[in-house]
Amino acid sequence: MLAKFFFSWFLIWLPIVFSGAVVLIILVNHFLPNRKYLLFLKKLTTIKLIYILIGGTLLFNLLLSGLQFLVWKQGAFSSFFLPPYQSIAYFLRYSFFHFFVANILVLFFALAFYFFFRLVKKYRTDIISQEELSLILLAGLLVSWPNLVLFIPLFLLLAVIFLVLNKKHLNLPLAIILSLTIIFIFGDYLINFLSLSVLAI
């Protein structure tokens, strides 16, 4: 029983701890780049973090799907949702909808966000670097659904404010850090306050 409790705690906190670690790495790499005792974090480039995040999310969702299968299999009633009583396609559809669809939506909108700024860079090469483009994609992938709906306009607002303050270059790393921090802390409350919970999957 105690093992189940700790495992459930692990599943709940793993995404939160991982997201916090990524934000910390972004902070170090962009705002503390010359600290010698933190140089090992420089090896974790933004591109590497994107691959780690996508791969880790896929593995985590596969783990959740496998655990769901075991829970159903052990249940007296829920076992009827599995073969031989039901086609395996029923379980696959359930797992896809509950564990993968939200992440696919995040990936879709994060890529759309990325290509929007890539288009901006095409006409204003002086205000956005390639590293910052990758950082935008990473930030979009970090935010869960439906909090991404809040993150995008918040980030755009902060980016515009920073552009007004410094017309030569956008301070996108700072805008990203501030937006992620606000969404991580207040995102769920804002979603409920703005009645956007209907978008949750």
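Residues numbered from 1 in each chain as written. Predicted model: local features only at pLDDT ≥ 70, side-chain atom pairs only at ≥ 80, totals over all residues. Heavy atoms only, no water.

Observations regarding the overall build of the protein
The helix and strand tally for the protein stands at six helices and zero strands. What you see in the protein, going N to C, is helices and strands ordered as α-α-α-α-α-α. Burial statistics for the protein: of 201 residues in total, 35% are counted as buried. Within the protein, counting contacts between residues at least 6 apart in sequence, those at least 24 apart form 67% of the total. Within the structure as shown, the protein displays about 12700 Å² of accessible surface, and the carbon and sulfur contribution to it stands at 74%. (Helix = DSSP H or I, 4+ residues; strand = E, 2+ residues; numbered from the N terminus. Buried < 20%, exposed > 50% of the residue type's maximum accessible area, 1.4 Å probe, protein only. Contact = heavy atoms within 4.5 Å. Areas by Shrake-Rupley, 256 points an atom, 1.4 Å probe, with all protein chains shown as cover.)

So, unusual backbone geometry
Residue Pro 84 follows Pro 83 across a cis peptide bond; omega there is 5°. In this fold, Pro 84 is placed in the loop between α2 (46-74) and α3 (88-123). Cis peptide bonds are those with omega within 30 degrees of zero, and the linkage from Trp 145 to Pro 146 qualifies with 5°. Secondary-structure assignment places Pro 146 in the loop between α4 (130-142) and α5 (148-165). A positive phi angle is found at Ser 195, which is not glycine, with a value near 55°. Structurally, Ser 195 is set in the segment after α6 (172-193).

Structural notes on a nonpolar patch on the surface
On the surface, Ile 182, Phe 184, Ile 185, Phe 186, Tyr 189, Leu 190, Phe 193 and Leu 194 cluster together into a nonpolar patch covering about 830 Å² of accessible area. Summarising the element assignment, Leu 194 is placed in the segment after α6. In this structure Leu 194 comes out as partly exposed when scored by relative accessible area, which is 44%. (Patch = residues over 30% accessible without salt bridge, like charges linked within 9 Å, V, L, I, M, F, W, Y side chains within 5 Å. Salt bridge = Lys/Arg side-chain N within 4 Å of Asp/Glu carboxyl O.)

Some remarks on the nonpolar core
Core analysis: the biggest nonpolar cluster contains 41 residues, and Leu 138, Phe 151, Phe 155 and Leu 180 have the highest contact counts within it. Counting only elements with at least two residues in this core, the list comes to α1 (2-31), α2, α3, α4, α5 and α6. No other element matches the nine residues that α5 contributes to this core. Setting aside residues no more than four positions away along its own chain, Phe 155 makes contact with Phe 113, Phe 117, Ile 136, Leu 172, Ala 175, Ile 176 and Ser 179. (Core = buried A, V, L, I, M, F, W, Y, C linked by side-chain atoms within 4.5 Å.)

Considerations on the layout of surface pockets
Of the volumes computed, that of the largest pocket is approximately 1400 Å³. Around the largest pocket sit 43 residues that line it, and Pro 15, Asn 103, Leu 142, Val 143 and Ser 144 are the ones nearest its centre. If you list the elements that add at least two residues to the lining of the largest pocket, you get α1, α2, α3, α4 and α6. (1 Å grid on protein atoms, 1.4 Å probe; cavity = no way out; pocket = protein on both sides within 12 Å on 5 of 7 lines; lining within 4 Å. Points joined across faces, edges and corners; volume = space filled by probe spheres on them.)

Re the packing of α2 against α3
Orientation of α2 relative to α3, taken along the N-to-C sense of each, is 140°, at an axis distance of 10 Å. Classified by the interaxial angle, the pair formed by α2 and α3 is oblique. For the pair α2 and α3, the sense of crossing is right-handed. Along its contact with α2, which presents Thr 57, Leu 58, Asn 61, Leu 62, Leu 64, Ser 65, Gln 68, Phe 69 and Trp 72, the element α3 presents Ile 88, Tyr 90, Phe 91, Tyr 94, Ser 95, Phe 99, Phe 100 and Asn 103. Residue composition of the contact of α2 with α3, by class: eleven nonpolar, six polar and no charged. (Axes fitted to C-alpha atoms, helices over the stretch in contact; angles between N-to-C directions. Parallel < 35°, antiparallel > 145°, perpendicular 65-115°, else oblique. Left-handed = near helix turned anticlockwise from the far one by under 90°. Nonpolar A, V, L, I, M, F, W, Y, C, P; charged D, E, K, R; others polar.)

What about the packing of aromatic side chains?
How two aromatic rings sit relative to each other is given by the distance of their centres and the angle of their planes. Scanning the entire structure with this criterion turns up 17 aromatic pairs. Note on Tyr 114 and Phe 115: the rings are 5.1 Å apart at their centroids and 75° apart in plane angle, and the pair reads as edge-to-face. Taking relative accessible area as the criterion, Phe 115 reaches 45% and is therefore assigned partly exposed. Geometrically, the ring pair formed by Phe 116 and Phe 117 is edge-to-face, given 5.3 Å between the ring centres and 85° between the ring planes. Here Phe 116 falls in the partly exposed class, since its relative accessible area comes to 42%. One aromatic cluster is present, built from ring pairs that chain together Phe 69, Trp 72, Phe 77, Phe 81, Tyr 90, Phe 91 and Tyr 94. (Phe/Tyr/Trp six-rings, centres within 6.5 Å; stacked < 30°, edge-to-face > 60°.)

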